[in-house]
Amino acid sequence: MACVFCQIVHGELPSHVVAENDEFLAFLSIYPNTLGATVVIPKQHFSSYAFNLDDEILFKLVKFTKQVAKKLDLYFEDVARTAMVFEGFGVDHVHAKLFPMHGTQHTQHHWQPIKSLVDLYFDQYQGYISSHDYQREDDAKLAALAQKIRAMPH
Ligand SMILES: [Zn+2]
């Protein structure tokens, strides 16, 4: 059986479409954790790790996702920015998730920092990504890690 996103593309499952072109589709998440959370997919099925996509497909997906994000910014009066996340452990069909950042309207013409109050560190992926800062890390530890990562092939 086709994956749920392919079923949406083929009209076998309903969806609340917010934008579409020949190759891509954007629809509201049916499990939103904030108003207007949106899923953006290529109509063609690709496995869900975005960084395994061919550059051309990834860039086109990001370009379409940007257009959708701007629509969300425009629609929601309290949103100056929308965040994009690639995870892919919910459905194995590559998708970008868009999260309108409600309450950011005051930053639209004048950037201001917004701090998080979250106090969590992740030893393992918990089924979601958080972008909050945690405690200041030791520079010697960071330098050693950076050196090892730099040595990896690309
Ligand atoms: Zn699919």
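What this report covers is the structure whose coordinates are included nearby.

Calculation rules
Residues numbered from 1 in each chain as written. Predicted model: local features only at pLDDT ≥ 70, side-chain atom pairs only at ≥ 80, totals over all residues. Heavy atoms only, no water. Donors = N, O, S within 2.8 Å, 3.2 Å for Na, K, Ca; no water. Tetrahedral: all angles 85-135°; square planar, octahedral: opposite > 155°, others 65-115°. Helix = DSSP H or I, 4+ residues; strand = E, 2+ residues; numbered from the N terminus. Buried < 20%, exposed > 50% of the residue type's maximum accessible area, 1.4 Å probe, protein only. Pairing = 2+ DSSP bridges. Axes fitted to C-alpha atoms, helices over the stretch in contact; angles between N-to-C directions. Phe/Tyr/Trp six-rings, centres within 6.5 Å; stacked < 30°, edge-to-face > 60°. Expected span 1.5 Å × (residues − 1). Contact = heavy atoms within 4.5 Å. Patch = residues over 30% accessible without salt bridge, like charges linked within 9 Å, V, L, I, M, F, W, Y side chains within 5 Å. Areas by Shrake-Rupley, 256 points an atom, 1.4 Å probe, with all protein chains shown as cover. Salt bridge = Lys/Arg side-chain N within 4 Å of Asp/Glu carboxyl O. Lys, Arg positive; Asp, Glu negative; His and termini not counted. Polar contact = N/O pair within 3.5 Å; in protein donor to acceptor, adjacent residues only side chain to side chain.

**Observations concerning the coordination of the zinc ion**
- Within the first shell, the zinc ion binds the protein through Cys3 (SG), Cys6 (SG), His45 (ND1) and His93 (ND1), at distances of 2.0 to 2.3 Å.
- In this structure, the zinc ion is surrounded by 4 donor atoms whose angles at the metal cover 103 to 118°, and the resulting shape is tetrahedral.
- Read from N- to C-terminus, the donor residues coordinating the zinc ion fall into the pattern C-x2-C-x38-H-x47-H. One end of the pair, His45, is in the loop between strand E3 (38-42) and helix H2 (55-75); the other, His93, is in the loop between strand E4 (79-85) and strand E5 (96-102), with 48 residues separating them in the sequence.
- Taking relative accessible area as the criterion, His45 reaches 39% and is therefore assigned partly exposed.

**So, the sheet that holds E5**
- The strand order E1-E2-E3-E5-E4 describes an open sheet built from 5 strands, whose pairing is antiparallel. Each end of this open sheet is capped by a strand with a single partner; those strands are strand E1 (17-20) and E4. Strand-to-strand twist in this sheet, taken as the mean axis angle between neighbours without regard to direction, amounts to 20°.
- Where E4 meets E5, 5 bridges bridge the pair, whose relative direction is antiparallel. Note that in E5 the partner of Met84 across the bridge is Leu98.

**Things to note about the packing of aromatic side chains**
- All chains considered together, the criterion is met by 8 aromatic pairs.
- With a centroid separation of 5.5 Å and an interplanar angle of 45°, the aromatic rings of Phe89 and Tyr125 are classed as tilted. Taken together, the residues span a long stretch of sequence, with Phe89 in the loop between E4 and E5 and Tyr125 in the loop between E5 and helix H3 (139-150) at a distance of 36 residues.
- The exposure class of Tyr125 is partly exposed, given its relative accessible area of 39%.
- An aromatic cluster of at least three residues, connected via ring pairs, comprises Tyr49, Phe51 and Phe86.

**Some remarks on H2**
- Between its first and last C-alpha, H2 extends 30 Å over 21 residues, near the 30 Å set by a 1.5 Å rise per residue.
- If you follow the buried residues of H2, they end up packed against E1, strand E2 (24-28), E3, E4 and E5.

**Here's the deal with a nonpolar patch on the surface**
- On the surface, Phe89, Tyr125 and Ile129 cluster together into a nonpolar patch covering about 380 Å² of accessible area.
- For Phe89, a relative accessible area of 73% corresponds to the exposed category.

**Concerning the pattern of salt bridges**
- Within the structure shown, the criterion is met by 6 salt bridges.
- Here Glu87 ties to Lys97 by a salt bridge, and the two come within 3.6 Å at their closest N and O atoms. Of this pair, Glu87 sits in the loop between E4 and E5 while Lys97 sits in strand E5, placing them 10 residues apart in sequence.
- Assessed through its relative accessible area of 30%, Lys97 is described here as partly exposed.
- Two residues, Lys141 and Glu137, come together in a salt bridge whose shortest N-O distance is 3.8 Å.

**Observations concerning the side chain of Asp73**
- Relative to the elements of secondary structure, Asp73 occurs in helix H2.
- Notably, Asp73 is buried but unbridged: the nearest opposite-charge side chain belongs to Lys70, and the N-O separation is 4.3 Å.
- Within the local environment of Asp73, its side chain forms a polar contact with the side chain of Thr82, the two groups lying 2.7 Å apart.
- Apart from residues lying up to four places away in sequence, Asp73 is in contact with Val79, Ala80, Arg81 and Thr82.

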